[in-house]
Amino acid sequence: MWGGRYASGPSAVMQQINASIDFDRRLFAQDIAGSKAHCRMLVDQGLVGAEDGAAIQDGLDRILKEIEAGTFEFKAALEDIHLNIESRLAALIGDAAGRLHTARSRNDQVATDIRLWVRDAIDGLDGQMRTLQAALIDKAERHAATVMPGFTHLQPAQPVTFGHHLLAYVAMLGRDRGRLADCRKRANESPLGAAALAGTSFAIDRHATAAALGFDAPMENSIDAVSARDFALEFLAALSISAIHLSRFAEEIVLWCTPQYGFLRLSDAFTTGSSIMPQKRNPDAAELVRAKAGRIVGALTGLLIVLKGLPLAYGKDMQEDKEPVFDAADSLSLSLAAMAGMVTDMEVDEAAMEKALLDGFPTATDLADWLVRTLGMPFRQAHHATGRIVALAEQRGCRLADLPLDAMQQVEAGISKDIYSVLTNAASVGSRTSFGGTAPVRVREAVKAARERYL
C-alpha cells in the first residue's frame, strides 16, 4: 500500500499494533460521507472528470450498502477504515478510485470522520438525556406532594418532596445537554482539505466541503486541523460529568432500595437475584450505572495522557483517540437508557418515606424560623434555643411535635401552642415557597417550567 518506498510488508507484530480497523470501522458512514463531499468538490473544481466522479460516487454508494448489509470484508492488512474503503473502491471501479485521494491525506480524513462521528453521537445522547428528563418530570409531577427526608451528610436534614428531589436531576441533565451543545458547536468545523498538515497546492474549495458535510466552516489552520483533539477531550469531559450525575442518582437508588430505607422498589426488569440467597433482589442496573462512571472518566484520563506532550502535527499516537471516545459514548448511552428505564419502573413507598421522617427532628429549622418570625428573635439566638429544645425531645425520646408545650416554654417562655402548626412535615414542605423551593405548589410550577424548557 505504500507504493515504491517500501519493498516488503510489516511484521506480524507491527501489523497488529498498527491496524485500527477492528474499532475504526465504526466510522464507515462518516468516512463515505466525507469522501463523497470531497469527490463532488474535486469535480466542481475541475480536478476530477465528471465521468470518474460519477463512478466514484456510485462505487461509494455500493460500498455503503455492502457494509450496512454485513457483506463487506474488512481486512486488517489494510490497517484502517479509509484504506479498506479505498481498496474496495478500486476493485469496483478501477483506476478512477485513485483520483479520490487528490488533495487530501488520511490525516485530515480521519480528523473529519471523528468530528462527524462525535457530532452524531452528541445528537443521539442529547435525545437520550431528554428522554430521561421526561421520565423524571413525569415522576416528579406524580410525587409533587410526596414528603420524604432531605439529607445532608447522609443525615436527616429537612423534609422535602420527592418530586423536588427528582427535579434536581432534571436540572443537572439540562446542564449536561448544554455542555454537549457547546462541545458540538466547537467540534463543528471541518478539517477536510488540510491534507497531511500544510494544506494543498490544488485549487480546492474547503468551504464547499464544509457546507456539504454540515460544518459551520473549515478550520482556519491546516496544522491545527489535523492535530487538534480537544473536541474529543471536551466530549469526554462532558460525558464524564454526566456520568457522575447518573452515578449519584444510581447510588441513591441503591440506598433507597435497601430494607433500611425502603423508599423504592424496582421490578424484576431492573434487578437480579443471587445464586445462593433466594431472597435477594439486587439493584444491579443502578450499580452498573454507578460503575460506568469510572469507565467514562477513565476514558477521559487516558486520552488526556495520550495527547500530553505530543508535538504538532499528527502522530500515530492519535489513533488511540477513537476507542475511548467510542467506549465512553456507548457506556453513557447504556447508562442513560438504564436510568430512564428505572425511573419509569420504580415504585415509591410513600409510607416508608413518611416513617423515615420520625427520626432526626427534621422540622427543627421550622421551629427556629417560627421563633424569628413570631417572637422577633435574631436567628442565631433562635438556633440556640431550638437546639436546647431538640435536646429535651431527645432526652424524652419523642418528636418535636410531641414535646409538651411547658417543656418548650422552659427554654423560651414566649412559645405558644401555635408552634405546633409548623412542626408537621406537611407544614414544613408547604412553607418552603421561595423560588426553587420544595413546596408542592412550587414543584408543580417547576414541572411545568421544565417541560417547556427541556421537552
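It should be noted that the structure appears before, not after, this text.
Presented here is a report on the structure given in the accompanying data block. (Residues numbered from 1 in each chain as written. Predicted model: local features only at pLDDT ≥ 70, side-chain atom pairs only at ≥ 80, totals over all residues. Heavy atoms only, no water.)

Let's talk about the overall build of the chain
Next up, step 1: From N to C terminus, the chain includes 18 helices and six strands.
Next up, step 2: Taken along its principal axes, the extent of the C-alpha atoms in the chain is 100 × 55 × 40 Å.
Next up, step 3: The contacts of the chain with a sequence gap of at least 6 include a subset with a gap of at least 24, amounting to 74%.
Next up, step 4: Accessible surface, the chain: about 21800 Å² in total, of which carbon and sulfur atoms supply 53%. (Helix = DSSP H or I, 4+ residues; strand = E, 2+ residues; numbered from the N terminus. Contact = heavy atoms within 4.5 Å. Areas by Shrake-Rupley, 256 points an atom, 1.4 Å probe, with all protein chains shown as cover.)

Brief notes about the packing of helix H14 (residues 364–375) against helix H15 (residues 379–396)
Next up, step 1: The interhelical angle for the contact between H14 and H15, taken along N-to-C directions, is 135 degrees, at an axis separation of 8 Å. What the angle tells us is that H14 and H15 run oblique. Here the hand of the crossing between H14 and H15 comes out right-handed. Of H15, the residues touching H14 (which contributes Ala 364, Leu 367, Ala 368, Asp 369, Leu 371 and Val 372) are Phe 379, Ala 382, His 383, Ala 385, Thr 386, Ile 389 and Val 390.
Next up, step 2: When the residues that make up the contact of H14 with H15 are grouped by side-chain class, the tally is ten nonpolar, two polar and one charged. (Axes fitted to C-alpha atoms, helices over the stretch in contact; angles between N-to-C directions. Parallel < 35°, antiparallel > 145°, perpendicular 65-115°, else oblique. Left-handed = near helix turned anticlockwise from the far one by under 90°. Nonpolar A, V, L, I, M, F, W, Y, C, P; charged D, E, K, R; others polar.)

Let's talk about the pattern of salt bridges
Next up, step 1: Going through the model one piece at a time under the given rule, you end up with 22 salt bridges.
Next up, step 2: Here Asp 321 and Arg 229 are joined by a salt bridge, their closest N and O atoms 2.7 Å apart. With Asp 321 in the loop between helix H11 (284–307) and helix H12 (322–345) and Arg 229 in the loop between helix H9 (222–227) and helix H10 (230–256), the pair connects residues that are 92 residues apart, well separated along the chain.
Next up, step 3: Relative accessible area serves as the criterion here: at 1%, Asp 321 is assigned to the buried category.
Next up, step 4: Arg 229 sits in the buried class, given a relative accessible area of 2%.
Next up, step 5: Residue Arg 399 pairs with Asp 402 through a salt bridge whose shortest N-O separation is 3.1 Å.
Next up, step 6: Classification of Asp 402 by relative accessible area gives partly exposed; the value is 44%.
Next up, step 7: Overlapping salt bridges bring together Glu 79, Asp 80 and Arg 106 as one network. (Salt bridge = Lys/Arg side-chain N within 4 Å of Asp/Glu carboxyl O. Buried < 20%, exposed > 50% of the residue type's maximum accessible area, 1.4 Å probe, protein only.)

Some details on a negative patch on the surface
Next up, step 1: Together, Glu 189, Asp 216, Glu 220, Asp 224 and Asp 230 line one region of the surface with negative charge.
Next up, step 2: Of note, Glu 220 is situated in the loop between strand S4 (217–218) and H9.
Next up, step 3: Overall, the relative accessible area of 83% leaves Glu 220 in the exposed class. (Patch = residues over 30% accessible without salt bridge, like charges linked within 9 Å, V, L, I, M, F, W, Y side chains within 5 Å. Lys, Arg positive; Asp, Glu negative; His and termini not counted. Charge placed at Lys NZ, Arg CZ, Asp CG, Glu CD.)

Some thoughts on the packing of helix H6 (residues 106–142) against H10
Next up, step 1: Between H6 and H10, whose axes approach to 11 Å, the crossing angle comes to 20 degrees. One finds that H6 runs roughly parallel with respect to H10. The handedness of the crossing between H6 and H10 comes out as left-handed. When H6 is examined against H10, the residues Ile 114, Arg 115, Val 118, Ala 121, Ile 122, Leu 125, Met 129, Leu 132 and Leu 136 are found in contact with a partner set consisting of Phe 231, Phe 235, Leu 239, Ser 242, Leu 246 and Phe 249.
Next up, step 2: For the contact of H6 with H10, the residue count by class is 13 nonpolar, one polar and one charged.

Description of H11
Next up, step 1: The end-to-end C-alpha separation of H11 is 35 Å, in line with the 34 Å expected for 24 residues at 1.5 Å each.
Next up, step 2: Of all the residues in H11, the buried ones are Ala 285, Ala 286, Val 289, Ala 293, Ile 296, Ala 299, Leu 300, Leu 303 and Leu 307.
Next up, step 3: Close packing links the buried residues of H11 with H10 and H12.
Next up, step 4: Count one or two residues on from H11 and you reach Gly 309, which has phi positive near 80 degrees. (Expected span 1.5 Å × (residues − 1).)

Thoughts on the environment of Asp 176
Next up, step 1: If you trace the backbone, Asp 176 turns up in helix H7 (residues 162–187).
Next up, step 2: Each C-alpha atom of the pair Asp 176 and Pro 378 lies 41 Å from the other, and the pair is 202 residues apart in sequence.
Next up, step 3: Asp 176 has contacts with Met 129, Ile 241, Ser 242 and His 245, leaving out every residue within four places of it along the chain.
Next up, step 4: For Asp 176, the side chain forms a polar contact with the side chain of Ser 242, separated by 3.2 Å. (Polar contact = N/O pair within 3.5 Å; in protein donor to acceptor, adjacent residues only side chain to side chain.)

Considerations on the packing of aromatic side chains
Next up, step 1: With the rule as written, the count across this model stands at seven aromatic pairs.
Next up, step 2: Measuring from centroid to centroid gives 4.4 Å for Tyr 169 and Phe 249, while their planes differ by 20 degrees, and the two rings are stacked. With Tyr 169 in helix H7 and Phe 249 in helix H10, the pair connects residues that are 80 residues apart, well separated along the chain. A single burial state applies to Tyr 169 and to Phe 249, both of which are buried.
Next up, step 3: Members of the aromatic cluster, each reached through a chain of ring pairs, are Phe 151, Phe 162, Trp 256, Tyr 261 and Phe 263.
Next up, step 4: We note Arg 119 situated over the ring of Phe 215; from NZ or CZ to the ring centre the distance is 5.1 Å. (Phe/Tyr/Trp six-rings, centres within 6.5 Å; stacked < 30°, edge-to-face > 60°. Lys NZ or Arg CZ within 6 Å of the ring centre and 35° of its normal.)

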